[in-house]
Amino acid sequence: MSKKLPQDGFHLLFLLVIMVALGVIGAAGYLVISKSKHKATSEVRWSYDSKKDAWYVSAGKAPTCKEPLVFGYTPVPLAEATSVGFPGTYRGKSYKVHGTFALAKSSEVKLPADATLSGLARYYEGDPAEIQYAVSFEMDCGISFYFDHLYTLSPKLQQLANKLPEPKVNDTRVNPNDAPPRIKLKAGDIVATATGAHKSTRYGIDFGVVDYRQRNKISYNAQWRALHSSYKSSEWYGTCWFNMLPGADASKAKELSVVQADTRKVAKFVSDYCDNADYTTPDLFGGKPVDSY
C-alpha cells in the first residue's frame, strides 16, 4: 500500500484516539471539582500516558479479555486471500504496525469482535485518485484494531463518514473535533461492503491490532526501541493477530504470510511481532528502514 502524508494512517488514527481520550479526562476532572450531581459514565475508556509509555483505563471498569483471545469472525473471507502481510515490519521504508490481506476480488469486511468505533477517516489515493476509508475500533478489555483501504462502508458508518470534512489526496489526518461518535457495534457487523482500489484492480486491505494491556516483546530490545520512539503508543503495543483468527483461519493466515511472491529469489519473511517470520527487523540492516527485504 502506498505511503500517506505525513505518516501512516495507523499512527494518525491512534493519535486522534489519544487526543480525544485526554479531552474526556479533562472533562471528567472538571465534573469532580465542580461536585456535579451527574452520575459517572460506565463507558470504558483507555488513554495513553506518554510519560510512563503505557496505556491505562481512564474511565469505567475494563473487563478481562478472554484467554486465549480469539475473535468471533475473520475480517475478510480467507478463501479470497492470495497472501497475508506480516504486521510489525517495513514496507516502502515505512514501519507498519498493521498487516495486510491481499484479496483476489473486492470483499465484505466484518467486525471481528464486539467493539466501539474510535476513529474514522477518508482520503483520496492513487492515480486516478479513489476514495479510501480508514476505521478503528476498541474493545473494552483493551484490544484495538484498525482497517484501511476500505472502498465502501456499511450504511451506518458511511453516514458518519459523509459528515467528515472533504477528503484530501494522500492525507489521513483528522481533526479531533471531527472524531466520530463512539458507537458500539457487535461481532459480525458489516464494516465495509467493498474493499481496495477498484480502478487499479487492487482489492486488499490493511488490518492491525494493538494490545493496550502490555508492551510487545520487541519493545524491550534497546536497538529497536531507539529507532521507534515517535509512535510508541502503537508500535510498542502492536501485536501479531494471526492466532486471534477463529478456527482454521489462524493456520491459514500463517500459511499465506509466507507465500513466495517471486520465485526467482529467496524471500526474507520479516516481522517484529509474529513468531513464524524468519527474521525481526534488528536482524537485518540494524533494524533501519529498507525498501524491501
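Residues numbered from 1 in each chain as written. Predicted model: local features only at pLDDT ≥ 70, side-chain atom pairs only at ≥ 80, totals over all residues. Heavy atoms only, no water.

Description of the packing of aromatic side chains
Then comes step 1: On inspection of all chains with the given rule, the structure shows 19 aromatic pairs.
Then comes step 2: Ring plane angle 85° and centroid distance 5.0 Å describe the contact between W241 and F242, whose orientation is recorded as edge-to-face.
Then comes step 3: Look at W241 and you get buried, because its relative accessible area is 0%.
Then comes step 4: Through pairs of rings, three or more aromatic residues link up here, namely F71, F86, F101, F137, F145, F147, F207, W241, F242 and F269.
Then comes step 5: Residue placement shows R215 over the ring face of Y220; its charged tip is 4.1 Å from the ring centre. (Phe/Tyr/Trp six-rings, centres within 6.5 Å; stacked < 30°, edge-to-face > 60°. Buried < 20%, exposed > 50% of the residue type's maximum accessible area, 1.4 Å probe, protein only. Lys NZ or Arg CZ within 6 Å of the ring centre and 35° of its normal.)

Comments concerning the side chain of D211
Then comes step 1: Take D211: it is sitting in strand β13 (residues 205-211).
Then comes step 2: What makes D211 buried here is its relative accessible area of 6%.
Then comes step 3: A polar contact of 2.9 Å, which involves the side chain of D211, links it to the side chain of R213.
Then comes step 4: If we ignore the near neighbours within four places in the chain, the residues touching D211 are G142, I143 and Y237. (Helix = DSSP H or I, 4+ residues; strand = E, 2+ residues; numbered from the N terminus. Polar contact = N/O pair within 3.5 Å; in protein donor to acceptor, adjacent residues only side chain to side chain. Contact = heavy atoms within 4.5 Å.)

Quick notes on the confidence of the model for the protein chain
When pLDDT drops low, the exact placement of atoms in the prediction is not to be read closely.
Then comes step 1: Per-residue pLDDT for the protein chain has a mean of 88; in total, 84% of the residues score no lower than 70.
Then comes step 2: The low-confidence segment residues 1-7 (pLDDT under 50) makes 22 contacts with residues lying over four places distant or belonging to another chain.
Then comes step 3: pLDDT under 50 marks residues 22-41. Its contacts with residues more than four places away, or in other chains, come to six contacts. (pLDDT = per-residue confidence, 0-100.)

Some details on the state of the cysteines
Put plainly, a disulfide is one covalent bond tying together the sulfur atoms of two cysteines.
Then comes step 1: For the structure on display, the rule yields two disulfides.
Then comes step 2: In this model, C65 is linked to C141 through a disulfide, with the two sulfur atoms separated by 2.0 Å. Across the S-S bond linking C65 and C141, the dihedral sits near 90°, which makes this disulfide right-handed. Of this pair, C65 sits in the loop between β2 (54-59) and β3 (81-85) while C141 sits in the loop between β9 (130-138) and β10 (143-153), placing them 76 residues apart in sequence.
Then comes step 3: By relative accessible area, C65 is classed as buried at 6%.
Then comes step 4: For C141, a relative accessible area of 8% corresponds to the buried category.
Then comes step 5: With its sulfur 2.0 Å from that of its partner, C240 forms a disulfide with C274. Between C240 and C274 the disulfide shows an S-S torsion of about 95°. By sign, it is right-handed. Residue C240 is found in the loop between α4 (232-235) and α5 (249-257), and its partner C274 is found in the segment after α5; the two are separated by 34 residues along the sequence. (Disulfide = S-S within 2.5 Å.)

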